[in-house]
Amino acid sequence: MTLRFDLIGIVTSDLAASLAFYRRLGLDIPADADTLPHVECTGPGGVRLAWDTEETVRSFDPDWTAPPHGAGRIGLAFLCDSPAEVDKAYGELIDAGYEGHHAPWNAEWGQRYATVLDPDGNGIDLFAPLG
């Protein structure tokens, strides 16, 4: 048997808010998806993301409980075109009311890096090579 990575799943407490956040990051998610219990999107490069409401997860796993906000349910990283784009994207997300977790900095591994939290408290990294 050969296994292959296919999908990243996100469990969300507010589907519409989560989808709005990821639309701001450039994902093409149909507007009519906001009221569905499960949503999937294929991003650039073929990576698939899926969102399930907490209620959907509890429908097949009744004992599931959400971790505390900020404890994170996933971690995603979005490549930016340049270090300046990291700063710009971070600023635009903060200005739109999303929570900053780590303001942009030059990481010792050679990237401009920043972290914002999506509406469910997942860390979303923005990065670009410094070179």
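Before any of the text, the structure's been laid out above.
Only a predicted model underlies this, so the values are computations on that prediction, with no experimental measurement involved.

Draft legend 1. Just the pattern of salt bridges, in detail. Taken as a whole and judged by the stated rule, the model has five salt bridges. Across the salt bridge formed by E54 and R58, the nearest N and O atoms sit 3.9 Å from each other. Of this pair, E54 and R58 both sit in helix α2 (residues 54-60), four residues apart, which is roughly one turn of that helix. Since its relative accessible area comes to 12%, E54 is described here as buried. Notably, a salt bridge pairs E92 with K88, separated by 4.0 Å at the nearest N-O pair. Taken together, the residues span about one helical turn, with E92 and K88 both in helix α3 (residues 83-95) at a distance of four residues. By relative accessible area, which is 43% here, E92 ends up partly exposed. The exposure class of K88 is partly exposed, given its relative accessible area of 44%.

Draft legend 2. Inspection of the sheet that holds strand β5 (residues 99-107) at higher detail. The four strands lie next to each other as β4-β7-β6-β5, forming an open sheet whose pairing is mixed. Two strands bound the open sheet, and with one partner strand each, they are β4 (75-79) and β5. Between one strand axis and the next, the sheet turns through 20° on average, direction left out of account. One ladder, built from six bridges, connects β5 with strand β6 (residues 111-117); its direction is antiparallel. Counted as the bridge partner of A107 is Q111 from β6. Against the sheet, α3 contacts β5, β6 and β7 (123-129), and its axis sits at roughly 15° relative to β6.

Draft legend 3. Broad picture of the sheet that holds strand β3 (residues 48-53). Spatially, β1-β3-β2 is the arrangement adopted by the three strands of the open sheet, whose pairing is mixed. Bordering the open sheet on either side are β1 (7-12) and β2 (38-42), each of which pairs with just one other strand. This sheet shows a mean twist of 20° between the axes of neighbouring strands, independent of strand direction. Looking at chain direction, β2 and β3 are connected through five bridges and run antiparallel. Looking at the pairing, H38 lines up with D52 of β3. Packing of helix α1 (residues 15-24) onto the sheet brings it into contact with β1, β2 and β3, and relative to β3 it is tilted by some 160°.

Draft legend 4. Broad picture of the environment of A71. Within the secondary structure, A71 is located in the loop between α2 and β4. A71 gets classed as exposed once you look at its relative accessible area, which sits at 52%. As a C-alpha pair, A71 and G91 span 20 residues in sequence and 23 Å in three-dimensional space.

Draft legend 5. Spatial organisation of the environment of P129. In this fold, P129 is placed in strand β7. Note on P129: relative accessible area 46%, which makes it partly exposed. Considered as a pair, P129 and N106 are 23 residues apart in the sequence and their alpha carbons are 9.4 Å apart. If sequence neighbours within four positions are ignored, P129 has contacts with L79, P83, G110 and Q111.

Calculation criteria
- Residues numbered from 1 in each chain as written.
- Predicted model: local features only at pLDDT ≥ 70, side-chain atom pairs only at ≥ 80, totals over all residues.
- Heavy atoms only, no water.
- Salt bridge = Lys/Arg side-chain N within 4 Å of Asp/Glu carboxyl O.
- Helix = DSSP H or I, 4+ residues; strand = E, 2+ residues; numbered from the N terminus.
- Buried < 20%, exposed > 50% of the residue type's maximum accessible area, 1.4 Å probe, protein only.
- Pairing = 2+ DSSP bridges.
- Axes fitted to C-alpha atoms, helices over the stretch in contact; angles between N-to-C directions.
- Contact = heavy atoms within 4.5 Å.

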